[in-house]
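Residues per chain are reported as follows:
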Amino acid sequence: MKKTINYLVVSAFALAVMALGSCSKSESLPAIDGYNSANDIAKANLLAHWSFDNTLNEVISSTAPTAKVGNTFSTGQVGQALNLSSGYLVYPTISALSSANAFPSVTVSLWVNIANNGTAQTNLFGITQALATQTDWNTGPLNVYVETGNHKATSDTLQVHSNFTSYPTATAQHGDNVNAYGVAGTDFQWVPLGGKWMHYVMVYDGTGSNIDLYVNGVIVSNNNFRHRGPAAPGGLGPIVNVPPTQVVVGGWPNVTTGFTGGSPAYPWQTLMTGSLDEIRVYSKALTAAEIGSLYSFGQAGR
């Protein structure tokens, strides 16, 4: 009887130690730049998040895609990732991204490991007019993409490009930035790639009317393209959408991805081959420090 009691006491003690050890392990992860997790960064402005951890759903709204082609899960920069092979995802309207003034300023942050090669441009993430109303790929409001024509994905550089469209009046107003043209190191920065994961961020500041691109925490924008808009003071100003909108991942909003009212795929447009992870959309222009913190969390696999 005594042996039985001692065995039970020792077992209970062992379980308690294991529980304490498990708790200690989870709580021992240090804060990064004062944040306990990547989701704490600009938390009040986080509109949408795709973790791709064994789910294709947008995490905040639990919205599932209505169309999915060529998709699997693979090892990502943080947990699992979306792997596409000439594939794409299309989502129905997500309310947080669909009002006229959903994101007067905006940041799109994502991790990408691109494998596309050739004279192509690949749209990684787009918020676009809905299936029934889209008439052309660039009628907005957002496309975040890469160009692999000048520099293939297997080389040591990549050309990043993003654009937005605003409707302050009935006429569309466009803006974009690309890290090319002009003098490298002065007008823009090359993007080191080499077939690796990279953190890619597009930022539009609706107050200053400036669009910037970051890769791995470093600004790579073309200085000649930063300030967007007509000659009127202040430039384009805050983004004004034409709702409803939908989200497309890995493809362009054209007939290839089911936007039957839109334009056919242009020769330079292609579906994505590669992996995407941790897509986040914010209703503010993140600061360089906040972007650096997101990069640090991703580097830590968190």
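Our structure is the block above this text.
Residues numbered from 1 in each chain as written. Predicted model: local features only at pLDDT ≥ 70, side-chain atom pairs only at ≥ 80, totals over all residues. Heavy atoms only, no water.

S.K.: What should I look at first to understand the overall build of the protein in this one?
M.R.: Scanning the protein from N- to C-terminus turns up two helices and 14 strands. For the protein, buried positions account for 48% of its 302 residues. Across the protein, contacts joining residues at least 24 apart in sequence account for 69% of those joining residues at least 6 apart. Surface summary for the protein: the accessible area is close to 13000 Å², and the carbon and sulfur share equals 57%. (Helix = DSSP H or I, 4+ residues; strand = E, 2+ residues; numbered from the N terminus. Buried < 20%, exposed > 50% of the residue type's maximum accessible area, 1.4 Å probe, protein only. Contact = heavy atoms within 4.5 Å. Areas by Shrake-Rupley, 256 points an atom, 1.4 Å probe, with all protein chains shown as cover.)

S.K.: What am I meant to see in the pairing of strand β4 (residues 106-114) here?
M.R.: Each regular strand shows side chains that alternate between the opposite faces of the sheet. Summarising burial for β4: eight of the nine residues are buried, a large majority. Across seven bridges, the pairing between β4 and strand β9 (residues 198-205) is antiparallel. Looking at the pairing, Leu110 lines up with Tyr200 of β9. Taken together, the seven bridges between β4 and strand β14 (residues 272-282) define a ladder with antiparallel strand orientation. Opposite Thr107, over in β14, you have Tyr282 as the bridge partner. (Pairing = 2+ DSSP bridges.)

S.K.: In this structure, what is going on with helix α2 (residues 288-299)? I would like to understand it.
M.R.: Residues spaced three or four apart along an α-helix point in a common direction, a consequence of the helix completing one turn every 3.6 residues. The end-to-end C-alpha distance of α2 is 16 Å, a good match for the 16 Å that 12 residues give at a rise of 1.5 Å each. Each element contacted by the buried residues of α2 is listed here: β4, β9, β10 (210-215) and β14. After α2 finishes, the residue Gly301 shows a positive phi value of roughly 75°. (Expected span 1.5 Å × (residues − 1).)

S.K.: Explain the packing of aromatic side chains here, please?
M.R.: All chains considered together, the criterion is met by 12 aromatic pairs. Ring centres of Trp111 and Tyr295 lie 5.8 Å apart, and the angle between their planes is 20°; this geometry places the pair in the stacked category. Of the two residues, Trp111 is situated in strand β4 and Tyr295 in helix α2; the sequence distance between them amounts to 184 residues. An identical accessibility class is assigned to Trp111 and Tyr295; each is buried. Ring geometry for Tyr266 versus Trp268: centroids 5.8 Å apart, planes at 0°, classification stacked. Following the ring pairs from residue to residue traces out a cluster consisting of Trp137, Tyr145, Trp252, Tyr266 and Trp268. (Phe/Tyr/Trp six-rings, centres within 6.5 Å; stacked < 30°, edge-to-face > 60°.)

S.K.: What should I look at first to understand the pairing of strand β7 (residues 159-166) in this one?
M.R.: The buried count for β7 comes to eight of eight residues, which makes it a mostly enclosed element. Residues Gln159, His161, Asn163 and Thr165 of β7 are buried on one face, and the alternating residues Val160, Ser162, Phe164 and Ser166, pointing to the opposite face, are buried as well. As paired elements, strand β6 (residues 141-147) and β7 share six bridges and run antiparallel to each other. Across the sheet, Tyr145 pairs through a bridge with His161, a residue of β7. As defined by bridge partners, β7 adjoins strand β8 (residues 173-178) across six bridges and the pair is classed as antiparallel. Residue Ser166 lies in a different strand from β8, and its bridge partner there is Gln173. Turn length for the β7-β8 hairpin, with the two strands adjacent in sequence and antiparallel, is six residues.

S.K.: Before we go on, may I ask you to explain the nonpolar core in this structure?
M.R.: If you look at the biggest cluster of nonpolar residues, it comprises 45 residues, and the most contacted ones within it are Trp50, Leu110, Phe125, Val160, Met198 and Tyr200. Element by element, the count of residues in this core is highest for β4, at five residues. The residues touching Trp50, leaving out its near neighbours within four places in the chain, are Leu56, Asn57, Glu58, Tyr91, Ile94, Leu97, Phe125, Val247, Asp277, Glu278, Ile279 and Val281. Residues Val203, Tyr282, Leu294 and Phe297 belong to the second largest nonpolar core, which totals 13 residues. (Core = buried A, V, L, I, M, F, W, Y, C linked by side-chain atoms within 4.5 Å.)

S.K.: Explain unusual backbone geometry to me, please; I cannot follow it from the model alone.
M.R.: When glycine is set aside, most residues are seen to have a negative phi, and most peptide bonds are trans. Cis rather than trans, the peptide bond between Gly140 and Pro141 has omega equal to 10°. Tracing the chain through its elements places Pro141 in strand β6. That bond from Pro243 to Pro244 is cis: its omega, 5°, falls within 30 degrees of zero. As for its placement among the helices and strands, Pro244 is situated in the loop between β11 (218-219) and β12 (245-249). With a phi close to 75°, Tyr181 is a non-glycine residue in the positive phi region. Relative to the helices and strands, Tyr181 resides in the loop between β8 and β9. Owing to a relative accessible area of 55%, Tyr181 belongs among the exposed residues under this scheme.

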